[in-house]
Amino acid sequence: MSSENKTPLLSVRNLVVEFSTRYGPVRAVDDISFDVYPNETVGIVGESGCGKTVTGLTLLQLIPMPPGRIVQGSINFDGRDLTKLSEKEMQEMRGSDISMIFQEPMTALNPVFSVGNQMIDVLRRHKNLTRRQARELAINMLDTVGIPAPRKRIDEYPHQMSGGMRQRVMIAMALSCGPKLLIADEPTTALDVTTQAQVMEQIVKLQDEFHMSMILVTHDLGVVAESCDRAIVMYCGNIIETAAIDDLFHKPQHPYTRGLLDSIPRIREERITELPIIRGMVPDLLHLPDGCRFADRCPRATDECRQDKPVVNIDPVTGNGVACYHPMG
Amino acid sequence: MSADQPEALLRVEGLKTYFPVRGGVFLTAQAQCKAVDDVSIHIGPGETLGLVGESGCGKSTLGKTIVRLIKPTDGRILFDGSDLSSMSERALKPHRRQVQMIFQDPADSLNSRHSIGNILEEPFIIHGIGDAAERDRRVARLLDVVGLPSSAVERFPFEFSGGQRQRIGIARAVALNPKLIICDEPVSALDVSIQSQILNLMLDLQQEMNLSYLFIAHDLAVVKHVSDRIAIMYLGRIVEMGGADEVYERPKHPYTQALISAIPEPVPGGKRERQILAGDVPSPIDPPSGCAFHTRCPHAQPKCSEERPELRDVVARTGEEHVVACHFDV
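Bear in mind that the values here come from a model prediction, so they are computed numbers and not experimental data. (Residues numbered from 1 in each chain as written. Chains lettered and ligands numbered in written order. Predicted model: local features only at pLDDT ≥ 70, side-chain atom pairs only at ≥ 80, totals over all residues. Heavy atoms only, no water.)

(A) Structural view of the overall build of chain A. Along its length, chain A carries twelve helices and twelve strands. Dimensions of chain A, computed from the C-alpha atoms along their principal axes, are close to 65 × 50 × 45 Å. When the 329 residues of chain A are sorted by exposure, 53% land in the buried category. Restricting the contact set of chain A to residue pairs at least 6 apart, pairs at least 24 apart contribute 63%. Summed over all atoms, the accessible surface of chain A reaches about 14,600 Å², with 50% contributed by carbon and sulfur. Positive and negative side-chain charges in chain A, numbering 35 and 42 respectively, have mean positions lying 6 Å apart. (Helix = DSSP H or I, 4+ residues; strand = E, 2+ residues; numbered from the N terminus. Buried < 20%, exposed > 50% of the residue type's maximum accessible area, 1.4 Å probe, protein only. Contact = heavy atoms within 4.5 Å. Areas by Shrake-Rupley, 256 points an atom, 1.4 Å probe, with all protein chains shown as cover. Lys, Arg positive; Asp, Glu negative; His and termini not counted. Charge placed at Lys NZ, Arg CZ, Asp CG, Glu CD.)

So, in structure tokens, the structure goes:
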């Protein structure tokens, strides 16, 4: 995925998202910038609490405000700054230009309406369709995402479907208005491994068919390796590394990325007796260190790291970047 | 560890756990959910048996039945020579010390109103071990063993992160020096970097205390990392069992093959030829006839829907036990 001579579809600059809590403000996302190009799949990876989900939600302005607040930064999508849109304009955007699928398809679907009703709602909200036309389109979409007997299934309620099936309904709903960008937040985390394989294959296939860009938010590095072009690694609200997928997995630059990759047990490799670990744990977002947020757990940390926070420098040729004074090289 | 060796610590034979499915006006039992259906496994001293399967296959029910949190419908649970399956609660108590459990969600399995000191002291009180001073010493030692500061005694579960809570769960499980620990998805709620810390702790403790583990999980990579042998479960039955490396490198059952091929590998580029199963797991209330897997199996023949395949020996390269429940060699 070359970044030259293309304009990004989505361009996030210096985004800061803060939540006020009883103990003081917490910056869940702290000064992040990234681009997503047309037809590209970008993975956002990191552990719980690193800000990856908040990033996804903020793009659609779905964080509750208050207590949440976009402190600064811009989100340019297709020539418009989403942070400046009114709620009404944002509603037009959601589900038609940008769609989202969530981790838990049971809670994301309304249990008291049939899936058909919910899909028809979305379609009629954004397109000028009669109920009958919308229903036909919904049946088509269910068929596209691989739901057997869609004509019968469309009148069923979410609880009558399995987890994998519900996630397919979510995907059908998200894609029904032909969005340019799909934000998938842990789309397969709640699913079993065989179902996960089915659903991921479907998502990747549909992304090609619909010419969409996708942001895949996940903690599963295996899923990222198989379906993304580029990935962003987040830690404590910061982007600490961004790289093309091959570079990230074969030549990780940040000690944290390296640590994450090393600590996964590999199924297709010889067993080792002791897994390499990242010692310690993620610092509390309320009491962040001044310097690099990973310094306390980092084997390469020096005094410089503890005093000044490194920033990501993007290489203009490769598009890769790392926020580290002592990258792995 | 061959099946005929008598020194197995745990030997489960023909275990069945059925749940009544109630319905109708009087909530009478209308059907049976065969959560665990005729399962036989054995675990030797210091050995880890990995138990893998998708949600609803009965792997957690099997674990809970072995510690007798659930009473089995039929079958035998031989632990160290005595049969736990039909014992009364009173008769069971001395055995409970020997078989402990670690749960998936350490937040749910710790009492939020008790301090860590109370939580860890309780097993000693229940089994009447030591006086107050002795129990305090033991609690302090437990915390040290699992790598928590001694100040944790006064604190409450909510003050700890997920990884630390799982350390508390592990401390509680090893408090009474058990011989066998049933680990029900012990690391699936944890982040990758924490997961490896907990796995290493569990492996260290196993060495030090000569523990046996029944390691229940859906993550095959994690299971392979910790297990000596592996059993694959589908709809309440074991479909394949053998040495860990053997099962992963030469899976014989089509379901095992599909499971292994479905794992996303953190290596980009190599888009492997992936075998993707169609459809969903059928309901255990009304399982398919014959081989329960035939509805999704890419190699299914007419025979598969008529006759249930029994576990049969296959030749393992290393001479270990390797059994598979499939009519064919695929």
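Following the structure, the description resumes.
(B) Seen up close, helix α7 (residues 163-175) of chain A. All names here are of chain A. With 13 residues, α7 extends 18 Å from end C-alpha to end C-alpha; this agrees with the ideal 18 Å at 1.5 Å per step. Most of α7 is tucked away, with twelve of its 13 residues classed as buried. Regarding α7, the residues found buried are G164, M165, R166, Q167, R168, V169, M170, I171, A172, M173, A174 and L175. (Expected span 1.5 Å × (residues − 1).)

(C) Seen up close, the sheet that holds strand β10 (residues 238-244) of chain A. Residues and elements named next belong to chain A. Taken in spatial order, the eight strands line up as β6-β7-β8-β3-β9-β10-β12-β11 in an open sheet, and their pairing is mixed. Looking at which strands have only one partner, the edges of the open sheet turn out to be β6 (98-101) and β11 (313-314). Examined bridge by bridge, β11 and strand β12 (residues 321-322) share two bridges and lie antiparallel to one another. Residue pairing for β12: I314 is matched across the bridge by G321. Contacting β3 (41-45), β6, β7 (181-185), β8 (213-218) and β9 (230-235), helix α1 (residues 52-59) runs over the sheet at an angle of about 145 degrees to β8. (Pairing = 2+ DSSP bridges. Axes fitted to C-alpha atoms, helices over the stretch in contact; angles between N-to-C directions.)

(D) Local environment of the interface of chain A and chain B. Chain A puts 45 residues into the contact, and the matching count from chain B is 46 residues. With both sides pooled, the region where chain A packs onto chain B buries about 3,900 Å², and carbon together with sulfur makes up 52% of that total. Put simply, chain A and chain B have zero salt bridges between them. For the interface between chain A and chain B, the tally reads ten residue pairs in polar contact (both at pLDDT 80 or more). Contributions of two or more residues to the side of chain A that touches chain B are made by α8 (193-210), α9 (221-227) and α10 (245-250) of chain A. When residues in the side of chain A that touches chain B are grouped by element, the largest group, seven residues, is from α8 of chain A. Residue classes in the side of chain A that touches chain B are distributed as 18 nonpolar, 13 polar and 14 charged. (Buried area = accessible area lost by both parts, 1.4 Å probe. Salt bridge = Lys/Arg side-chain N within 4 Å of Asp/Glu carboxyl O. Polar contact = N/O pair within 3.5 Å; in protein donor to acceptor, adjacent residues only side chain to side chain. Nonpolar A, V, L, I, M, F, W, Y, C, P; charged D, E, K, R; others polar.)

(E) Focus on the pattern of salt bridges. Per the counting criterion, the structure on display carries 33 salt bridges over all chains. Two residues, E136 of chain A and R151 of chain A, come together in a salt bridge whose shortest N-O distance is 3.3 Å. Of this pair, E136 of chain A sits in helix α5 (residues 131-144) while R151 of chain A sits in helix α6 (residues 150-153), placing them 15 residues apart in sequence. Taking the shortest distance from any N to any O, the salt bridge between K59 of chain B and E185 of chain B comes out at 3.9 Å. Within this pair, whereas K59 of chain B is found in helix α1 (residues 59-66), its partner E185 of chain B is found in the loop between β7 (180-184) and α6 (192-209), the two being separated by 126 residues in sequence. Comparing K59 of chain B with E185 of chain B shows no difference in burial state: the two are buried. Connected through salt bridges with shared partners, the residues E18, R27, D30, R69 and R293 of chain A form a single ionic network.

(F) Up close: the nonpolar core. Counting residues in hydrophobic clusters, the biggest one holds 65 residues, and the most contacted among them are I170, I181, M202, F215, L220, I232 and Y255 of chain B. If one sorts the elements of this core by residue count, α6 of chain B sits on top with seven residues. Excluding residues within four positions of it along the chain, I232 of chain B makes contact with V52, R237, I238, V239, E240, V247, Y255, T256 and L259 of chain B. A138, A174, I203 and C292 of chain A belong to the second largest nonpolar core, which has 61 residues in total. (Core = buried A, V, L, I, M, F, W, Y, C linked by side-chain atoms within 4.5 Å.)

(G) Representation of the environment of D80 of chain B within the structure. All names here are of chain B. Within the secondary structure layout, D80 lies in the loop between β4 (74-79) and β5 (82-83). Residues D80 and A8, spaced 72 residues apart in sequence, show a C-alpha to C-alpha distance of 7.6 Å. Sequence-distant contacts of D80, defined by excluding residues within four places in its chain, comprise L9 and K179.

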